[in-house]
Every structure is written in structure tokens, then in C-alpha cells.
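Take a look at the letters that make up each chain.
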Amino acid sequence: MSRFRSSRFAGLTAYVPGEQPRDRRYIKLNTNESPYPPPEGVLEAVAAAAKGLNLYCDPTALRLRESAAEVYGVTPEMVLPVNGSDEILNFAFMAFCDGNTPVAYPETSYGFYPVLADLHGIKKREIPLNEDFSIDPRDYFDLRCTVVIANPNAPTGIALGLDEVERIVASNTENVVIIDEAYVDFGAESAVGLTRRYDNLLVTRTFSKSHSLAGARLGFGIACPELIADLTAIKDSTNPYNVNAMTQMAGVAALRDNGYYMENCRRVAQTREDTLKSLRALGFEATASKSNFLFVRHPEISGGELYERLRERGILVRHFSKEPIADYNRITVGAPEEMEALIKAAGEILGRISLKHRSPRDSPEKGIRKQPQILRRKKEKKIQPG
Ligand SMILES: *Cc1c(COP(=O)(O)O)cnc(C)c1O
């Protein structure tokens, strides 16, 4: 830190994105990108927009708002395009939280929520999940906070039903409820339709996961025109040209081809279920994920060790060392052949572990002590500080 940094930001803990290493080729299953490339139409739109890069882009992103409004069944005044949905979250924390209005969100969720709260000096109310990692909607009724819920949640993949989301929105009429739908296209119900009936609901979307545009940085806020006007005022006060010309046109082309992406999302959901079956056959336990990742643990190997062993084999997954999820790994659902490589590697890693338990140096009856050894390790893990 330099001696010039404002004391406001002295204690800043920045968000740590998933690693994007360049040292070798990895099978990347750690940041929930799409395994499928953008279609030709998107590439052509980007190339065409690149020819006009000497000029500023449209700060109102009108064509993109019109295209998005048509696909999502709202009006252009209800859409704000942003530079990745992290940006709309930032705008929303600025616009709808302050010293009197804290922010509430699930204790285990997207790591950017506490980072943004701290950045803006907003009080945090972190609500624990149920034991099975699900969200109890009743915990979010009448909170007198701005509420943020990822649906499906990250990194668990578990989704709330639309009726449950609506009850949360309806019980917090005096505050904004943000539903972060980064993963909704992989199998959950969207709350976008509710934005026409509730003036306190903001739905956020990203094209990073479902629409093969993580590198282009494109997301949307969808809400009633008044909320969008507030967010647009923040946008115009920080970066009026927040979505660049190429990304605006990529977005218009992508929305024109929305069917292609919905088909890809369906394929990813199918691969997710196939992979889940194979992992279960290896002894893995998993949450009921409705997103493009699986959230898994294995009773015979710690989360950290599985992460390391996969990495050695050129497969990157995401491990969070925080309790209560330190025993888990989040595995992006990639192409079927990538998942086959993952299953093969996991099988080898687990095979070695059970071999170790039966190593020739052990007495013959040691093999049958495998189970108690596992139990002991789990107990030891439990008393480790979080
Ligand atoms: C990935 C992700 C985002 C942000 O995505 P962008 O790439 O910034 O659009 C937001 N919320 C959740 C829950 C995510 O997983």
C-alpha cells in the first residue's frame, strides 16, 4: 500500500477471482464459463463494431436495451446493460444501501457481496444456510435491509422456487430485493416476470455463464423504470460508456440467437446430470445443483487435497477454504469429454488413496480399518478453525 491511499480504503479486502493460469493448458472447470463458443453472428457483429472504434459507443445502449427487452418480455426502460453483472451489483449497493440500510445475504454465497459492502462501508447481515445448504425463505421476510440472493445460489447451485422468491419480494416492500440470476438459465425459474408487478425487485443477469461471453463483459439489470433510472444515474456518474461498442453489438447478436444459447444450456444441464451419476458412483456426495456447476465432496479426501491432486493432473476446479464448505469443490460443467477426463482423474486419485490404506507395509488386517481412519480424519477436520 502506498502512503497516498485514502484511509477509507486502508483495510480493503479485494475480491479474488478464480485463477486464470497461463503456465500450461488446463481443463478449466473453475470459473463457470461456457464450453461452447459464441456463434458466427456474434463474431461478425464484433468485427463490424470494431471498424467504428474511433467513435464513442452509444452511452444509452439503446439497441441492446431494445433487444434485451424483447427477449425478456419487458420494456427498454426496464433494462440497464452493464460491464458484467458485477457492475450492476456495485451500482445497486451504491444506490440502495447506506448507513441506515444494511445489506442482507446468505452467509454462504457469491464472494463479491461482502467485498462490495465493505468497499462502500455498508453494514452486513449474513444469514446462515440450512444444514443441507438450502436457503430458508422465511429468514428473509421483512428484513429492513437491502436483500441480495443468488438464485440458484453460488457455490451450492441450489435454487429457490419462483413462489418462494415472490414471498421474499412481497414481504420486503420497503426495501430493494436483488435476485442475482447468473445461473438461472441452467434450470431454475426466473423472477424477471415479477419486475412488472413489484417496484422493489431488481433482477441481475450475466452473459458470462449462459451466453459464452465471459470475456466480453456483459450483464443486465432488469427492474421497474424508477429503479433502473436510479441505477442509470450511478452509471452515468461513474462510467457513462460502461459497455463498449463491440460488446453492445455482440449482445444484440447474441440476443437474436437466444435459441442457440438455450440449447447449449440444456446440453450443459444434461452433462451435469450425467457427470453427477458418474461422480456418485465414485462415492461423491453433491448438492442438487440447478446451475452449470456441481458442488461435491468425497468422504475419503479433503476438499483441499482433491483440488491439489486434480490440479497436478491439469484439471482446475474451485476450492473455497471457508467453513462450512471447505470439504467441497465447485466443478464447472464443461464439454462431455472434459467431464470424462475429470471422472477418470478423480477415479485415479481415489484409487491411490484406497491403495495407500492397504499398502504392503501395513499388516493384512489393516485394509479393513479404512472406514475408522476416514472417520477419524473427518473429526479432526471439524475442530480446525474456519
Ligand atoms: C459469475 C457471477 C456473477 C458475475 O458475473 P459477471 O462475469 O461479472 O457478469 C455474478 N453473480 C454470481 C452469483 C456469479 O456467479
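Everything numeric here is computed off the predicted structure, so don't read it as measured data.

Structural notes on the pattern of salt bridges
Inspection of every chain in the model, using the stated rule, returns 17 salt bridges. Here Lys235 ties to Asp236 by a salt bridge, and the two come within 2.9 Å at their closest N and O atoms. Residue Lys235 is classed as buried on the basis of its relative accessible area, which comes to 2%. Measuring nitrogen to oxygen at the nearest pair gives 2.9 Å for the salt bridge that ties Glu273 to Arg272.

A short note on the sheet that holds strand 2 (residues 79-82)
Working definition: the strands of a sheet are paired by backbone hydrogen bonds and lie parallel or antiparallel to each other. Read across the sheet, seven strands follow the order 2-8-7-6-5-3-4 without closing on themselves; strand pairing throughout is mixed. With partners counted over all chains shown, the strands left at the sheet margins are strand 2 and strand 4 (124-127), one partner each. Put simply, the sheet's adjacent strands are angled 20° from each other on average, direction ignored. Bridge count between strand 3 (residues 103-106) and strand 5 (residues 146-150): two bridges; the pairing is parallel. Looking at strand 5, one finds that Val103 is bridged to Thr146.

So, the packing of helix 2 (residues 62-72) against helix 7 (residues 245-256)
Relative to each other, helix 2 and helix 7 sit at 25°, their axes nearing to 9 Å. With respect to their mutual orientation, helix 2 and helix 7 come out roughly parallel. Of the two possible hands of crossing, helix 2 and helix 7 adopt the one that is left-handed. Of helix 7, the residues touching helix 2 (which contributes Arg63, Leu64, Ser67, Ala68, Val71 and Tyr72) are Gln248, Met249, Gly251, Val252, Leu255 and Arg256.

Notes on the domain arrangement of the protein chain
For the protein chain, the assigned domains are domain 1 (23-31 + 260-367) and domain 2 (40-256). For domain 1 and domain 2, the distance between their C-alpha centroids amounts to 30 Å. Facing the 21 residues of domain 1 at the interface are 22 residues of domain 2. When domain 1 packs against domain 2, close to 1,700 Å² is buried across both sides, 66% of that on carbon and sulfur atoms. Contact with domain 2 buries surface across domain 1, with Tyr261, Cys265 and Lys290 losing the most and accounting together for 35% of the total.

Looking at the packing of helix 3 (residues 85-96) against helix 6 (residues 225-238)
Packing of helix 3 against helix 6 brings their axes to within 9 Å, and their N-to-C directions diverge by 105°. By the angle class used here, helix 3 and helix 6 are roughly perpendicular. Side by side, helix 3 and helix 6 meet where Ile88, Phe91, Ala92, Met94, Ala95 and Phe96 of the first sit next to Leu227, Asp230, Leu231, Ile234, Lys235 and Thr238 of the second. Residues belonging to the contact of helix 3 with helix 6 are distributed by class as follows: nine nonpolar, one polar and two charged.

Quick word on the sheet that holds strand 9 (residues 285-286)
Sheet architecture is open: three strands sit in the order 9-10-12, paired in antiparallel fashion. The sheet terminates laterally at strand 9 and strand 12 (329-332), the two strands that pair on one side only. Here strand 10 (residues 293-297) runs beside strand 12; their pairing, made up of four bridges, is antiparallel. By the bridge assignment for strand 12, Leu294 is matched with Ile331. Where helix 8 (residues 258-281) meets the sheet, its contacts fall on strand 9 and strand 10, and the angle it forms with strand 10 comes to roughly 10°.

Observations concerning the site of the ligand
Neighbouring residues of the ligand: Gly84, Ser85, Asp86, Tyr110, Asp180, Ala182, Tyr183, Thr206, Ser208, Lys209 and Arg217. The side chain of Thr206 places a nitrogen or oxygen atom 2.5 Å from an oxygen atom of the ligand. One of the side-chain nitrogen or oxygen atoms of Lys209 is found 3.0 Å away from an oxygen atom of the ligand. For the ligand, whose accessible area on its own is 390 Å², the fraction buried by protein is 92%.

Some details on the pairing of strand 8 (residues 219-223)
Within strand 8, five of the five residues are buried, which leaves it mostly tucked inside the rest of the structure. Neither face of strand 8 is left uncovered, since the one carrying Gly219, Gly221 and Ala223 and the one carrying Phe220 and Ile222 both have all their residues buried. Relative to strand 8, strand 2 runs antiparallel, the two sharing four bridges. Each residue of the ladder has a partner; that of Val82, found in strand 8, is Gly219. Where strand 7 (residues 201-206) and strand 8 come together, five bridges link them in antiparallel fashion. Within strand 8, the position partnered with Thr204 by the bridge is Gly221.

What to know about the pairing of strand 7
Counting buried residues along strand 7, six of its six residues qualify, which places the element largely inside the surrounding structure. Judged by which residues are buried, strand 7 turns out to be covered on both faces: Leu201, Val203 and Arg205 on one side and Leu202, Thr204 and Thr206 on the other are all buried. Both strand 6 (residues 177-180) and strand 7 contribute to a ladder of four bridges, which runs parallel. Its bridge partner being in strand 7, Val177 is matched across the sheet by Leu201.

Rules behind the numbers
Residues numbered from 1 in each chain as written. Predicted model: local features only at pLDDT ≥ 70, side-chain atom pairs only at ≥ 80, totals over all residues. Heavy atoms only, no water. Salt bridge = Lys/Arg side-chain N within 4 Å of Asp/Glu carboxyl O. Buried < 20%, exposed > 50% of the residue type's maximum accessible area, 1.4 Å probe, protein only. Pairing = 2+ DSSP bridges. Helix = DSSP H or I, 4+ residues; strand = E, 2+ residues; numbered from the N terminus. Axes fitted to C-alpha atoms, helices over the stretch in contact; angles between N-to-C directions. Parallel < 35°, antiparallel > 145°, perpendicular 65-115°, else oblique. Left-handed = near helix turned anticlockwise from the far one by under 90°. Contact = heavy atoms within 4.5 Å. Domains from an automatic or database assignment. Buried area = accessible area lost by both parts, 1.4 Å probe. Nonpolar A, V, L, I, M, F, W, Y, C, P; charged D, E, K, R; others polar. Near = heavy atom within 4 Å. Polar contact = N/O pair within 3.5 Å; in protein donor to acceptor, adjacent residues only side chain to side chain. Areas by Shrake-Rupley, 256 points an atom, 1.4 Å probe, with all protein chains shown as cover.

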